[in-house]
Amino acid sequence: MSQGVVRAFPPEVLEIARKIRDMEIRGAGRIAKAAAEALRIAALKYEGESCEEFKEYMLKVAELLVSTRPTAVSLPNAVNYVVSQLKKPGIDSLEKARSLVVSRASRFIEYADQALSKISEFGEKVIRDGDTILTHCNSAAATGILVLAHKKGKDITVYATETRPKFQGYITAESLLREGVRVRIIPESAVRSIMKRIDKVVVGADTVAANGAVVNKVGTSLIALAARERGIDFFVATETFKFSPFTLIGDIVPIEFRAETEIVDEEMLARHPKLRVLNPAFDVTPPDFITGIITEIGIIPPQAASIVIEEMYGHPVMHESLKAVEEDFAQ
Ligand SMILES: O=C(COP(=O)(O)O)[C@H](O)[C@H](O)COP(=O)(O)O
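It should be emphasised that the depicted structure is a prediction, and the values quoted were computed from it without experimental measurement.

Caption draft 1: Molecular detail of the UniProt feature "binding site: substrate" (unreviewed entry) in the chain. UniProt's feature table lists "binding site: substrate" (unreviewed entry) at R26, G27, A28, G29, R69, N216, K217 and K242, given in the numbering used throughout. In three dimensions, the annotated residues from a span of 217 residues occupy one location, with a maximal C-alpha spread of 14.2 Å. Residue class for R26 comes out buried when judged on its relative accessible area of 11%. With respect to the helices, strands and loops of the structure, R69 is situated in the loop between helix 3 (51-66) and helix 4 (74-83). Judged by its relative accessible area of 7%, R69 is buried. Discounting chain neighbours no more than four positions away, the residues touching R69 are I20, R21, M23, R26, I31, L75, E256, R258 and F282. Side chain to side chain, R69 and E256 meet in a polar contact 2.7 Å long.

Put into structure tokens, the structure is as follows:
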């Protein structure tokens, strides 16, 4: 690799990174697609002439994107998919390297869109006419299922949690209302008391670990607990690129902790200098609480997560390139 100074990133790339960090682009699937798009733009806008410098520059862009939010594995998975093959032998000209990045980014985005439609089709089958369904936060994968069930003429009612502190439940409610779905918003604290009205739960995922545990918006695991208490089916809707190859070798999924001021205002913090606020953005739902994971390749039991990961990514110990790219990002 050249030791030259890495070029400035295009403003569009910096803007996408900022939007992901500030949650203007949010939700694990959208984050992954935005990262792929940022890599595509970075490749197209590269103005140098050296293949080696291009590779170094792309790895730096990749590193910037991966650093924006820590929990959703869709982000490093998308980035790895787009840039990891730059390390393969034979990528020895700038044009080859650039077209590799552009074509893989486009392919990822196309795959992600198709995956969402397939998830809707598989997931719609678990929804019955007359069902009342609880969802949490805002998940494109979960919402797609509910919209398709409604479009197929099933009379459903959706309970959407507010999802404090960022109120993503409002986004869910509005997108369902636009499609004509009947919606009730509830505070998360009401979940257990309304569970008697619920026929099934459908939520999204940020990461699926090799043991089938699902990392999603904080509060998901409490909803799963309340559903289990009543024997209510709990489904997770997710693309397979949210399955984490890193957990196959024991890596822990990092949980994002966000600013104290999302929970308590500056004035209260100033009045009580000893007060500390914990604001975890995600939590972990154990596999035993999950009825099925609805993916674009079918509905799988959570216990099959490691098989899916090996099929999709190979075993990381056998497949050094994935780890090598990850280490590059960490430098
Ligand atoms: O937890 C969240 C979003 O959290 P945040 O708002 O903090 O990003 C969503 O349930 C998953 O990302 C899945 O969403 P999708 O199915 O759209 O990928």
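Caption draft 2: Examining helix 4 more closely. Within helix 4, 9 of the 10 residues are buried, which leaves the element mostly enclosed by the surrounding structure. Along helix 4, the residues that are buried comprise S74, L75, P76, N77, A78, V79, N80, V82 and V83.

Caption draft 3: Summary view of the side chain of D283. Of note, D283 is situated in strand 8 (residues 282-285). Side-chain polar atoms of D283 contact the backbone nitrogen of G219, separated by 2.8 Å. At a separation of 2.9 Å, a polar atom in the side chain of D283 contacts the side chain of S221. Ignoring sequence-local partners within four residues, the contact set of D283 consists of V214, V215, N216, K217, V218, G219, T220, S221 and L222.

Caption draft 4: Just the domain arrangement of the chain, in detail. If you check the domain split of the chain, you get domain 1 (11-115 + 316-330) and domain 2 (118-313). For domain 1 versus domain 2, the separation of C-alpha centres amounts to 26 Å. Surface buried jointly by domain 1 and domain 2 totals about 2400 Å² across both partners, of which 60% is contributed by carbon and sulfur atoms. Counting across the domain 1 and domain 2 interface gives 1 salt bridge. For R69, the salt bridge is made with E256, and the minimal N-O distance between the two is 2.7 Å. Listed by contribution, the elements that provide at least two residues to the side of domain 1 that touches domain 2 are helix 2 (28-45), helix 4, helix 5 (94-124) and helix 12 (320-330). Residue contributions to the side of domain 1 that touches domain 2 peak at 5 residues, all from helix 5.

Reading the values: the criteria
Residues numbered from 1 in each chain as written. Predicted model: local features only at pLDDT ≥ 70, side-chain atom pairs only at ≥ 80, totals over all residues. Heavy atoms only, no water. UniProt positions renumbered as here; feature names shortened; annotations may be inferred. Buried < 20%, exposed > 50% of the residue type's maximum accessible area, 1.4 Å probe, protein only. Helix = DSSP H or I, 4+ residues; strand = E, 2+ residues; numbered from the N terminus. Contact = heavy atoms within 4.5 Å. Polar contact = N/O pair within 3.5 Å; in protein donor to acceptor, adjacent residues only side chain to side chain. Domains from an automatic or database assignment. Buried area = accessible area lost by both parts, 1.4 Å probe. Salt bridge = Lys/Arg side-chain N within 4 Å of Asp/Glu carboxyl O.

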